[in-house]
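# Structure at a glance
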Amino acid sequence: MKKNVLLASCLCFILLQSNAQQKINPESIQEKMQWFADAKLGIFIHAGIYSVDGIDESWSFHNKKISHADYMKQLKGFTLKNYDPAVWADLIKETGARYAVITTKHHDGVAMYDTKMNKLSIERATPAKRDMIAPFFDELRKRDIKCGAYYSLIDWTHPDYPGFLKDSVKYKISDDYERWNRFRHFFQGQIKEISTQLNPDLWWFDGDWEHSAEEWESQKIRSIILANNPNAIINGRLQGYGDYDTPEQNFPVVRPKYNWWELCMTTNDNWGFHHDDNWKTPYEVITIFVDAVSNGGNLLLDFGPREDGTIPEEQIHVFKELGAWNKKNGEAIFNTVGGIPQGHFYGPTTLSKDSTTLYLFLHGHQDGTIMLKGLDNKIEEITVLGDGAKLNHKVVGKISWSHVPGLVYIDVPENELDKYVTVLKLKLDKPVKLYRGRGGFN
Ligand code: GLC
């Protein structure tokens, strides 16, 4: 009885903690987030006029690397003349990703969809003369890929937005509340448009750091979105009113405490198309991906298309390699949950939802013998994902009078290694049970 009360109050505490953190009703949040938790991989797309010159998205004028006027000249060079959203959607499908998130408007204020709130859209202000988002979402939906809309709350071009260059503002909100209200009417109008025209499954806000939840009216924004689509998921950049956390570029070392989180990361060093050859290798991308998933998170991997709508070859190569790896090893990734705590195995792990299957990931060329500590289960079978080869194992140091489990040694022959990351599948006799004591008699 006492134990139950303790458990219930612990649970309450955890729930309260996460709600306080996110300032939202529990709704049926668990249910709503399930597809996201199972999805593991999303593809991020930074499409914008910055691809014309291949310069930093929006930040280049904000940081005064280029004047605002010169930045805006790129509008004239944005053509989308070879843009085929079906090709993009096919490539995304091939990676194994279950969702994609595309910029509907970045901090520069240029709408990539058909906005009626002002004239600054690729449809009205560039030779492309078209909305690139609606046809893309159509192609994604045909392939059963969830559609995400990135939307920057910051709009450094809008005359009524206070921020502009890094060291100057147009006005202070406290000095001109009416002007700020005009901006709020504008950006919330765009959110309503995106919601009704495109009905995203996921909203990826950005730039919330420039104003408070009260100033943005975050709660109202959340309500606008959920009124139209109660199942929409909202990322954590809405000053406390989002559903999940978004570490950026830098990966967590210890497992994050959030229920849901997603690492967003570039494939080279830039979000948009850039003259940047510092591509991550497929090995690097796959190991980062596995690391995120083993810690209970997702990876949102970015690409920056050229102004004509084509995708750099190096980018395609990384995506295809990731896709091929997922095809072979996806059983250990999609629809799984984060693995066992660090210390039992020197590498990442994941578990099946019922935790009767444990997956071990071996980076690089780890053939020979690997070791598992504190696994209080009988292993029924060990196979290598891909060809299903069965591997031998040995339990060492199990003392008959002690409940402390022995060490498990598994032989991994060189010819079974994947060229990037090898996955071993351990079928256990029952849900995973771990020993985390001090050894000896304990
Ligand atoms: C940052 C940057 C932005 C980029 C985003 C992607 O917040 O401001 O340029 O789009 O990260 O996560």
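This structure is a prediction, so every number in the text was calculated from the model and none was measured.

The rules behind these values
Residues numbered from 1 in each chain as written. Predicted model: local features only at pLDDT ≥ 70, side-chain atom pairs only at ≥ 80, totals over all residues. Heavy atoms only, no water. Helix = DSSP H or I, 4+ residues; strand = E, 2+ residues; numbered from the N terminus. Axes fitted to C-alpha atoms, helices over the stretch in contact; angles between N-to-C directions. Parallel < 35°, antiparallel > 145°, perpendicular 65-115°, else oblique. Left-handed = near helix turned anticlockwise from the far one by under 90°. Contact = heavy atoms within 4.5 Å. Nonpolar A, V, L, I, M, F, W, Y, C, P; charged D, E, K, R; others polar. Phe/Tyr/Trp six-rings, centres within 6.5 Å; stacked < 30°, edge-to-face > 60°. Domains from an automatic or database assignment. Buried area = accessible area lost by both parts, 1.4 Å probe. Salt bridge = Lys/Arg side-chain N within 4 Å of Asp/Glu carboxyl O. Polar contact = N/O pair within 3.5 Å; in protein donor to acceptor, adjacent residues only side chain to side chain. Pairing = 2+ DSSP bridges. Buried < 20%, exposed > 50% of the residue type's maximum accessible area, 1.4 Å probe, protein only.

Attention now goes to unusual backbone geometry. One non-glycine residue with positive phi stands out, namely E217, at about 65 degrees. Backbone geometry at Q239 places phi at a positive 50 degrees, although glycine is not the residue there. Tracing the backbone shows Q239 in the loop between β5 (233–234) and β6 (262–265).

Turning our eyes to something else, we now look at the packing of helix α6 (residues 85–95) against helix α8 (residues 133–142). Running from amino to carboxyl end, α6 crosses α8 at an angle of 40 degrees, the nearest separation of the two axes being 9 Å. Taken together, the axes of α6 and α8 are oblique relative to one another. When the axes of α6 and α8 are compared, the crossing they make is right-handed. The segment α6 lies against α8, with P85, A86, W88, A89 and I92 engaging P135, F136, E139 and L140. Residues of the contact of α6 with α8, tallied by class, amount to 8 nonpolar, no polar and 1 charged.

The description of an aromatic ring pair uses the distance of the two centres, along with the angle that the planes make with each other. According to the stated counting rule, one finds 28 aromatic pairs in the structure shown. Both rings, one in W88 and one in F303, keep their centres 5.4 Å apart while their planes meet at 80 degrees; by these two values the pair is edge-to-face. Remark: F303 occurs in strand β7 (residues 298–303) and W88 occurs in helix α6; sequence separation between them is 215 residues. Every member of this aromatic cluster is reached through a ring pair, and the members are W59, F61, Y71, W156, F164 and W209.

If you check the domain split of the protein, you get domain 1 (7–332) and domain 2 (339–428). Across the boundary between the two partners, domain 1 contributes 18 residues, which contact 19 residues of domain 2. In total, domain 1 and domain 2 occlude about 1,600 Å² of area from one another, counting both sides; carbon and sulfur atoms represent 54% of this. Seen at the junction of domain 1 and domain 2, the total is 4 salt bridges. The closest approach of N and O atoms between E321 and K419, which form a salt bridge, is 2.8 Å. Across the contact surface, domain 1 and domain 2 share 10 residue pairs in polar contact (both at pLDDT 80 or more).

Okay, the sheet that holds strand β8 (residues 337–338) next. With antiparallel pairing, 5 strands are arranged side by side in an open sheet as β8-β9-β10-β15-β12. If you trace the sheet from one side to the other, it starts and ends with β8 and β12 (379–384), each paired once. Relative to strand β15 (residues 421–428), β12 runs antiparallel, the two being bridged by 5 bridges. The residue of β15 that forms the bridge with I382 is L426. Its contacts with the sheet put helix α12 (residues 282–294) on β8, β9 (349–351), β10 (357–363) and β15, and the angle it makes with β10 is roughly 150 degrees.

As for its position among the elements, I316 is in helix α13 (residues 313–329). By relative accessible area, I316 is classed as buried at 19%. C-alpha of I316 to C-alpha of A89: the two residues are 227 residues apart in sequence and 12 Å apart in space. Setting aside residues up to four positions removed in sequence, I316 forms contacts with L91 and I311.

The next subject is the pattern of salt bridges. Summed over the entire model, instances satisfying the criterion amount to 24 salt bridges. The partner of D70 in a salt bridge is K73, and the shortest N-O contact between them spans 2.8 Å. Placement of both D70 and K73 in helix α5 (residues 68–73) is noted, with a separation of 3 residues, approximately one turn of the helix. For K73, a relative accessible area of 52% translates into the label exposed.

Now for the side chain of K32. As for its placement among the helices and strands, K32 is situated in helix α2 (residues 29–39). Assessed through its relative accessible area of 7%, K32 is described here as buried. At 2.9 Å, the side chain of K32 forms a polar contact with the backbone oxygen of A232.

To continue, consider the pairing of β10. Of all 7 residues making up β10, 6 are buried, and the element is well covered by its neighbours. Where β9 folds back on β10, the antiparallel hairpin that results is connected by 5 residues, among which S355 adopts a positive phi of roughly 55 degrees. Sheet topology places β10 next to β15; 7 bridges connect them, and they run antiparallel. What sits directly across from L360, in β15, is L424.

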